[in-house]
Every structure is written in structure tokens, then in C-alpha cells.
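Next come the chains, spelled out residue by residue.
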Amino acid sequence: MDELELAAVQRAVVQRLEDFQRAGLSHWKRIQPVVPEPTPADAELSRRSAATASAPHAPPVHATPSLFTEPSVQVTSMPKRSTSAVPPSVAAVVPAAFTPLNLPRDERVTQLKVLQDKVKQCTRCQELASTRTQTVFGVGNPEARILFVGEAPGADEDKQGEPFVGRAGQLLNDIIKACRLKREDIYICNVLRCRPPGNRLPSPEEAGHCREYLDGQIAIVNPDYIVCWGSTAAKNLLASEAPIGKMRGKFFEYGRAKVVCTYHPSYLLRNPAAKKDVWEDMKFLFQDMGIDLSAKT
Ligand code: URA
């Protein structure tokens, strides 16, 4: 093996280990693998991601955007949670560093724009500010009931200025479609707004610098639900050291939002078997909204 090949193998091994780290793995343990039977919904999610790989512009199916905007006429069957009492299904309440705002739509748009302009000028992380092509703020519905938090922009996002537009983003779009939604129904952002060189993990300092922006976006959009995609999002938002596998299947509370933690789409690209777990997590969240994703439409 020559030096170039060796370097390529080393890069692949490091990337794989980072995947495991992102998925919350902190040590190895010898276990017998248990492979549950995939449900029809799992099969559908896998089928759609395979189909999208060959037909990236396949039209969305079952789009029901009305479920994801706030007008009361569309959500009358979904009672709002009480903001004071903690429901028994909530695993932990994390005090948010902000007061959620309840702004009219045009004010949300204005406030997000003000924050985005501030982010564009940001040089808190010297390395990131000097290597980024542009900042990647966030996109989506300023009145979304669900807000997604990823890790950090990658090369595609750095180029296009939008979160989740690369391969992981394509898979995220498939998951959104499987949930009968459109990308525009959700608000999507990341722990970081600049690409870490080489797609390395965000450092705690970088995440700390960007926290004001993340909290600002959450406060303005004021979602009912937050999905943390991967352990970087989960650990940062909830200040938790638990592995992502242990954070799945329960609600945390951040401010007034219920938070679900699941695997990052990049992890799913390398470990498609985990798609069934993410599908379970989506069903868990939607069940709480009064929507049965297993039901035929
Ligand atoms: N991965 C992320 O976590 N965020 C993005 O925006 C893209 C890839």
C-alpha cells in the first residue's frame, strides 16, 4: 500500500469513528446483534431514499402542510400543551436561555432577518470566519411547529448558504416526505452557522459562540417540537453527556418545546439499518401531535 492509499484508508477510518461518536458511541462492547423485522413503514422509508438517489426530484407525496402552520382552524384537533405542568412523558426539563416569543408572522420574518444579518458579520470563531464561503443561517417556515437542529454546515451547505442541501439533506428530505410534510413546513438550522474545516466536529467553544443565534432562532420561531439530529445537536441543546441512543424515545423539554433526539442523517447514510429507529422516533413525535404516521392515508 503506497502513502496515498494509506492516507485514504486513515481518512476513512477517522470518518467512520466520527460517525460512531456523532451517534453517541463512547466505548465498544461485544454484543449479539439483534435485527428486528422491518415494518412496512421502514421499508417505505428505505424505498424512498433509494428512489430519491436515482430520481432526486421525485414529487412530494401526501403533503399536508396545514398541519404544520399555526392557524387555529388547522390545529383544532391538536390541543396545545400546557406550558406550566410537565407531562409525565417528559424525561427532563432544560431551562432555555431565552423567553419564547409569540410574534406575528411578519415580525418573525423581520426578527430572523435581523439575526441573520448579525450572523453574516460574525467573527467570534476566527478559524471558521476565515475559512467559510458564507454563513449558513437557517431556512423554513417562521411559524413552523417543528424545528430541526443539525450539527454544522458541510461543503455543499457552505457553497449554497442553506442547511441540509447535500446528501444528508436529501435523506432528510426523504424523511420529511415520509412524515407527509414538505421541507418548507419545518424550520431547519444547525448548532453552528459556519462550516468547520474538513467537516470536523464543532468544538464546545464554537458551539458556545453560536448558541445565542440558535436560541434566537428557537425563540423567534417558537416551535412546539424540536428534533435534534445527532448527538452534537442533542448534547449541545440539552447540555447532556448521554449517548444519543439513550436519549431516543423520550421527550425532553427546552423552553416550551418538546424535544426529540434521533440519529443524524449522515449516520443513516452509512448505517441504513438505523433508518427504522429514526422512523420510530418520527412516529413517536407525530403520535404526540395526534398524527398516526402508520395509518394509511
Ligand atoms: N449536516 C448537518 O448537520 N447540517 C447541515 O446543514 C448539513 C449536514
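Calculation notes
- Residues numbered from 1 in each chain as written.
- Predicted model: local features only at pLDDT ≥ 70, side-chain atom pairs only at ≥ 80, totals over all residues.
- Heavy atoms only, no water.
- Near = heavy atom within 4 Å.
- Polar contact = N/O pair within 3.5 Å; in protein donor to acceptor, adjacent residues only side chain to side chain.
- Areas by Shrake-Rupley, 256 points an atom, 1.4 Å probe, with all protein chains shown as cover.
- Nonpolar A, V, L, I, M, F, W, Y, C, P; charged D, E, K, R; others polar.
- Salt bridge = Lys/Arg side-chain N within 4 Å of Asp/Glu carboxyl O.
- Helix = DSSP H or I, 4+ residues; strand = E, 2+ residues; numbered from the N terminus.
- Pairing = 2+ DSSP bridges.
- Contact = heavy atoms within 4.5 Å.
- Axes fitted to C-alpha atoms, helices over the stretch in contact; angles between N-to-C directions.
- Buried < 20%, exposed > 50% of the residue type's maximum accessible area, 1.4 Å probe, protein only.
- Parallel < 35°, antiparallel > 145°, perpendicular 65-115°, else oblique.

Enquirer: Looking at this structure, I do not really get the site of the ligand. What am I missing?
Expert: Close contacts around the ligand come from Gly150, Glu151, Ala152, Glu157, Pro163, Phe164, Asn190 and His264, and that covers them all. Taking alanine 152, its main chain carries an N or O atom lying 3.1 Å from a nitrogen atom of the ligand. One of the backbone N or O atoms of phenylalanine 164 is found 2.9 Å from an oxygen atom in the ligand. Considering the ligand on its own, with 230 Å² of exposed area, one finds that the protein chains cover 92% of that surface. Taken together, the residues of the shell around the ligand sort by class into three nonpolar, three polar and two charged.

Enquirer: When you look at the pattern of salt bridges in this model, what are you seeing that I'm missing?
Expert: Opposite charge on two side chains makes pairing possible when the charged atoms of those side chains draw close. Using the criterion set out here, one finds 14 salt bridges in the structure. Salt-bridge contacts for aspartate 281 lead to arginine 248; the nearest nitrogen and oxygen are separated by 2.7 Å. Of the two residues, aspartate 281 sits in helix α12 (residues 275-288) while arginine 248 sits in the loop between α10 (244-247) and β6 (251-254), which places them 33 residues apart along the sequence.

Enquirer: Honestly, the environment of tyrosine 263 in this entry has me stumped. Any pointers?
Expert: Position of tyrosine 263 among the secondary structure elements: in the loop between β7 (257-262) and α11 (265-270). The sequence separation of tyrosine 263 and alanine 234 amounts to 29 residues, and the corresponding C-alpha distance is 9.7 Å.

Enquirer: Whenever I open this one, the sheet that holds strand β5 (residues 225-229) confuses me. Can you help?
Expert: The strands that make up a sheet pair up through hydrogen bonds in the backbone, lying either parallel or antiparallel. Spatially, β1-β6-β7-β5-β3-β4-β2 is the arrangement adopted by the seven strands of the open sheet, whose pairing is mixed. The open sheet has two edge strands, β1 (90-94) and β2 (139-140), and neither has a second partner. Pairing between β1 and β6: four bridges, direction parallel. Each residue of the ladder has a partner; that of valine 94, found in β6, is tyrosine 254. Its contacts with the sheet place helix α8 (residues 204-221) against β3 (146-150), β4 (187-190), β5 and β6, and it is angled at close to 170° to β4. Set on the sheet, helix α9 (residues 231-238) makes contact with β1, β3, β5, β6 and β7; between it and β5 the angle comes to about 130°.

Enquirer: I'm lost on the pairing of β4 in this one. Help?
Expert: Consecutive side chains along a regular strand alternate between the two faces of the sheet. What you see with β4 is no split at all: Tyr187 and Cys189 on one side and Ile188 and Asn190 on the other are buried throughout. Relative to β4, β2 runs antiparallel, the two sharing two bridges. Following the sheet pairing, valine 139 is matched in β4 by isoleucine 188.

Enquirer: Would you explain the packing of helix α4 (residues 105-120) against α8 in this entry?
Expert: In a pair of packed helices, the angle between the axes and the distance between the axes together describe the arrangement. The geometry of α4 relative to α8 is characterised by a closest axis approach of 10 Å and an angle of 170° between their N-to-C directions. The angle between α4 and α8 places the two elements in the roughly antiparallel class. For the pair α4 and α8, the contacting residues are Arg108, Gln111, Leu112, Leu115, Lys118 and Val119 in the first and Glu212, Tyr213, Gly216, Gln217, Ile220 and Val221 in the second. Partitioned by chemical class, the residues of the contact of α4 with α8 number six nonpolar, three polar and three charged.

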